[in-house]
Amino acid sequence: MSRKGRGAAPETPAGAANAAWGGRFAGGPAEIMQRINVSIDFDKRLYAQDIAGSLAHCAMLVRQNILTPADGQAISRGLAQIRAEIEAGRFPFRAEHEDIHLNIEARLAELIGAAAGRLHTARSRNDQVATDFRLWVRDAIDRLERQLQGLQAALIAQAERHAATIMPGFTHLQVAQPVTFGHHLLAYVEMLGRDRSRFPDCRRRLNECPLGAAALAGTSFPIDRRATAEALDFDRPAANSLDAVSDRDFALEFLAAAAIAGTHLSRFAEEVVIWTSEPFRFIRLSDAFTTGSSIMPQKRNPDAAELVRAKSGRLLGALAALLAVMKGLPLAYSKDMQEDKAPVFDAADTLELALAATAGMVGDLEPDPAAMRRVAASGYSTATDLADWLTRVLALPFRDAHRVAGALVKRAEALGLGLAELPIAEMQRIEPAITAAVFEVLTVEKSVTSRTSYGGTAPANVAAAAAEARKRFL
């Protein structure tokens with residue numbers, strides 16, 4: 001039945017007072033006020049959560065005899081129709097209704113008439129949006145958790161294939177010690193594991209229901225806040241009505257977790273950029289994750305990695321933006337908080353895209369073991385193995401062994417030789433007790449195989465760690 005048939009108020013014309021503001025305002029806002037005030041362009045993404053919250057609120061009002069069963073049924077039917085219209089792309093979102101809440105309320109009035117106005121009994125847009133936003137962030141966390149796990153699975157699969165593939169380990173981006181490619185990839189699995197713990201921590205803390213806090217002080221109606229919390233799968237109702245409507249810690253926590261996860265993706269992306277460059281050539285990406293040049297026909301650019309690296313800046317910016325919005329706000333609600341959703345929505349979208357692109361690159365990349373080994377054997381990367389041998393076999397204090405190994409590196413460098421190529425006579429000029437047995441520890445294969453301490457890079461360790469990571473994370 002139309003709004004007119006049910007006796008509902010006519011639509012608010014442009015320039016007239018907003019019906020949601022009641023009788024206090026006789027005139028409408030200036031055009032620029034309408035433009036700055038409207039949020040429907042971005043908060044329409046809350047439609048599913050807004051309808052779910054309204055259905056829970058409606059059911060509770062009926063149970064508490066605040067609404068009649070007939071009104072409750074009409075409201076529920078109307079909300080179901082609105083959800084279907086939105087999902088079918090037939091819903092007319094209107095800027096004059098400001099936000100998702102008033103757009104849905106206005107359409108509900110068109111569908112069922114005056115009963116639509118009773119739905120807002122014992123609630124405010126303040127507790128309504130706080131509830132919707134928590135529900136949306138909760139859903140986003142669940143999606144991201146699945147994506148993080150998927151990226152871990154891709155990394156673990158590559159680590160299993162390359163548990164014994166030797167590559168250089170770097171510090172200061174200088175060749176340091178040989179490691180395996182599988183060991184290197186498992187480092188990112190651990191980072192993502194911490195990311196997967198941060199998001200659920202945020203989810204646990206946000207899982208308190210603001211609905212029923214009303215504008216800021218609660219309500220005089222005999223509502224049952226525990227019932228609405230339970231219906232929406234919250235752990236409990238928020239304990240303080242002021243805090244319930246003014247808290248955005250959950251959004252800040254979400255953005256902080258997203259920024260940290262984005263930083264991890266950016267670090268990996270930077271390594272992909274380095275590894276695919278001509279001086280390294282450690283890995284190759286297929287046409288699926290690279291682009292060409294409009295002028296240089298030979299180019300294969302790692303644009304997917306570069307864009308993932310760049311998108312971490314958007315995540316950091318989103319966190320900084322919302323922190324800046326919230327830092328000076330008194331209790332309870334201020335309109336500034338309308339700016340909370342855009343950075344969160346953008347951050348969620350950005351992180352989901354970056355995770356998908358990174359997982360795609362991990363599955364696509366093909367290492368070049370020969371190139372990796374060549375660099376791993378350069379830069380006197382087994383010097384630490386030499387110092388360890390001097391300590392273990394000759395019983396030199398490690399600091400003395402470190403000095404001797406450094407002198408041997410200096411001599412090899414002067415002669416233009418690798419450590420394994422340095423004649424024994426040259427070694428004995430610096431440390432007479434050295435024997436030819438030292439050469440057994442100076443290959444990169446011996447180096448990685450010897451690193452058997454827990455968490456070390458020995459191929460057997462890496463294979464076991466990958467198997468354990470499957471149990472822990474997948």
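Residues numbered from 1 in each chain as written. Predicted model: local features only at pLDDT ≥ 70, side-chain atom pairs only at ≥ 80, totals over all residues. Heavy atoms only, no water.

Peer 1: Can you lay out the overall build of the chain for me, pointing to particular residues and giving the numbers?
Peer 2: A count of helical and extended segments in the chain gives 20 helices and six strands. Relative to its length of 474 residues, the chain is extended, with a C-alpha radius of gyration of 31 Å against a globular reference of 23 Å. The dimensions of the chain, computed from C-alpha atoms along their principal axes, are 105 × 55 × 40 Å. Nonlocal contacts in the chain, meaning residues at least 24 apart in sequence, comprise 73% of its contacts between residues at least 6 apart. Surface summary for the chain: the accessible area is close to 22,200 Å², and the carbon and sulfur share equals 54%. Charged side chains in the chain number 55 positive and 56 negative. The centres of these two groups are separated by 1 Å. (Helix = DSSP H or I, 4+ residues; strand = E, 2+ residues; numbered from the N terminus. Rg over C-alpha atoms; globule rule 2.2 N^0.38 Å. Contact = heavy atoms within 4.5 Å. Areas by Shrake-Rupley, 256 points an atom, 1.4 Å probe, with all protein chains shown as cover. Lys, Arg positive; Asp, Glu negative; His and termini not counted. Charge placed at Lys NZ, Arg CZ, Asp CG, Glu CD.)

Peer 1: Quick one: what's the story with unusual backbone geometry, residue by residue and with numbers?
Peer 2: Between Leu 331 and the following residue, Ala 332, the backbone shows a cis peptide bond with an omega angle of 10°. Note that Ala 332 resides in the loop between helix H13 (303-326) and helix H14 (341-364). At Arg 281, a position not held by glycine, the phi torsion is positive, near 55°. Along the chain, Arg 281 turns up in the loop between helix H12 (249-276) and strand E5 (283-284). The exposure class assigned to Arg 281 is partly exposed, which follows from its relative accessible area of 33%. (Buried < 20%, exposed > 50% of the residue type's maximum accessible area, 1.4 Å probe, protein only.)

Peer 1: Help me get a handle on the side chain of Asn 126, residues and values and all.
Peer 2: Inspection of the secondary structure puts Asn 126 in helix H8 (residues 125-161). Taking relative accessible area as the criterion, Asn 126 reaches 15% and is therefore assigned buried. Setting aside residues up to four positions removed in sequence, Asn 126 forms contacts with Ala 214, Ala 215, Val 245 and Tyr 333.

Peer 1: Tell me about H8, and please be specific about residues and values.
Peer 2: A rise of 1.5 Å per residue sets the reference length of H8, with its 37 residues, at 54 Å; its end C-alpha atoms lie 54 Å apart and thus fit the reference within 8%. You can read the cap of H8 off the contacts: a side-chain oxygen lies 2.9 Å from the backbone nitrogen of Asn 126, and it is on Ser 124. (Expected span 1.5 Å × (residues − 1). Polar contact = N/O pair within 3.5 Å; in protein donor to acceptor, adjacent residues only side chain to side chain.)

Peer 1: Residue-level account of the packing of aromatic side chains, with values.
Peer 2: Under the definition given, this model contains ten aromatic pairs. Centroid distance Phe 181 to Trp 275: 5.7 Å. Interplanar angle 70°. Geometry classified as edge-to-face. Note that Phe 181 is positioned in helix H9 (residues 181-206) and Trp 275 in helix H12, a separation of 94 residues in sequence. According to the relative accessible area criterion, Trp 275 is buried, its value standing at 2%. Aromatic side chains Phe 280 and Phe 282 sit 5.2 Å apart centroid to centroid with 80° between the ring planes, which places their arrangement in the edge-to-face category. Members of the aromatic cluster, connected to one another through ring pairs, are Phe 133, Trp 136, Phe 250 and Phe 345. Over the ring of Phe 345 we find Arg 45, and its NZ or CZ is 5.0 Å from the ring centre. Its end group placed over the ring of Phe 133, Lys 341 keeps NZ or CZ at 5.5 Å from the ring centre. (Phe/Tyr/Trp six-rings, centres within 6.5 Å; stacked < 30°, edge-to-face > 60°. Lys NZ or Arg CZ within 6 Å of the ring centre and 35° of its normal.)

Peer 1: Account for the pairing of strand E2 (residues 174-180), naming residues and giving values.
Peer 2: Bridge count between strand E1 (residues 166-171) and E2: six bridges; the pairing is antiparallel. From the neighbouring strand, Thr 171 faces E2, where its bridge partner is Gln 174. (Pairing = 2+ DSSP bridges.)

Peer 1: Summarise the state of the cysteines; cite the residues concerned and give the values.
Peer 2: Counted by the stated rule, this structure contains zero disulfides. Sulfur of Cys 58: no disulfide; nearest cysteine sulfur belongs to Cys 209 and is 15 Å away. You can call Cys 58 buried: its relative accessible area is 1%. (Disulfide = S-S within 2.5 Å.)

Peer 1: Let's hear about the pattern of salt bridges: which residues, and what values?
Peer 2: Pairing of side chains with opposite charge becomes possible as their charged atoms draw close. According to the stated counting rule, one finds 29 salt bridges in the structure shown. A salt bridge links Glu 98 to Arg 125; the nearest nitrogen and oxygen atoms lie 3.1 Å apart. Separated by 27 residues along the polypeptide, Glu 98 in the loop between helix H5 (69-87) and helix H6 (100-112) and Arg 125 in helix H8 bring together distant segments of the chain. Owing to a relative accessible area of 6%, Glu 98 belongs among the buried residues under this scheme. Accessibility expressed as a relative area gives 23% for Arg 125, which makes it partly exposed. Between Asp 388 and Arg 451 there is a salt bridge; the shortest N-O distance is 3.5 Å. Here the residue Asp 388 occupies a position in helix H16 (residues 383-394), and Arg 451 occupies one in the loop between helix H19 (444-450) and helix H20 (459-473), the gap between them amounting to 63 residues. Taking the relative accessible area as the measure of exposure, Asp 388 reaches 22% and is therefore partly exposed. (Salt bridge = Lys/Arg side-chain N within 4 Å of Asp/Glu carboxyl O.)

Peer 1: Outline the environment of Ile 100, supporting the account with residue identities and numerical values.
Peer 2: Tracing the chain through its elements places Ile 100 in helix H6. Ile 100 sits 58 residues away from Phe 42 along the chain, and the two C-alpha atoms are 8.9 Å apart. Setting aside anything within four residues of it in sequence, one finds Ile 100 in contact with Ile 40, Asp 43, Lys 44, Leu 46, Tyr 47, Asp 50 and Phe 93.

Peer 1: So what about the nonpolar core? Which residues, and what values?
Peer 2: Core analysis: the biggest nonpolar cluster contains 96 residues, and Val 137, Leu 155, Phe 199, Phe 254, Phe 268, Val 344 and Leu 351 have the highest contact counts within it. Of the residues forming this core, the biggest block, 16 residues, is contributed by H12. When sequence neighbours within four positions are dropped, the list of residues in contact with Phe 199 reads Ile 141, Leu 144, Leu 148, Phe 254, Ala 257, Ala 258, Ala 261 and Leu 351. If you look at the next biggest cluster of nonpolar residues, it comprises 19 residues, including Leu 386, Trp 389, Leu 408 and Val 438. (Core = buried A, V, L, I, M, F, W, Y, C linked by side-chain atoms within 4.5 Å.)

Peer 1: Would you mind going over a nonpolar patch on the surface in detail, with residue names and values included?
Peer 2: On the surface, Ile 32, Met 33 and Ile 36 cluster together to form a nonpolar patch covering roughly 310 Å² of accessible area. Residue position: Ile 36 is located in helix H2 (residues 31-37). Residue class for Ile 36 comes out exposed when judged on its relative accessible area of 64%. (Patch = residues over 30% accessible without salt bridge, like charges linked within 9 Å, V, L, I, M, F, W, Y side chains within 5 Å.)

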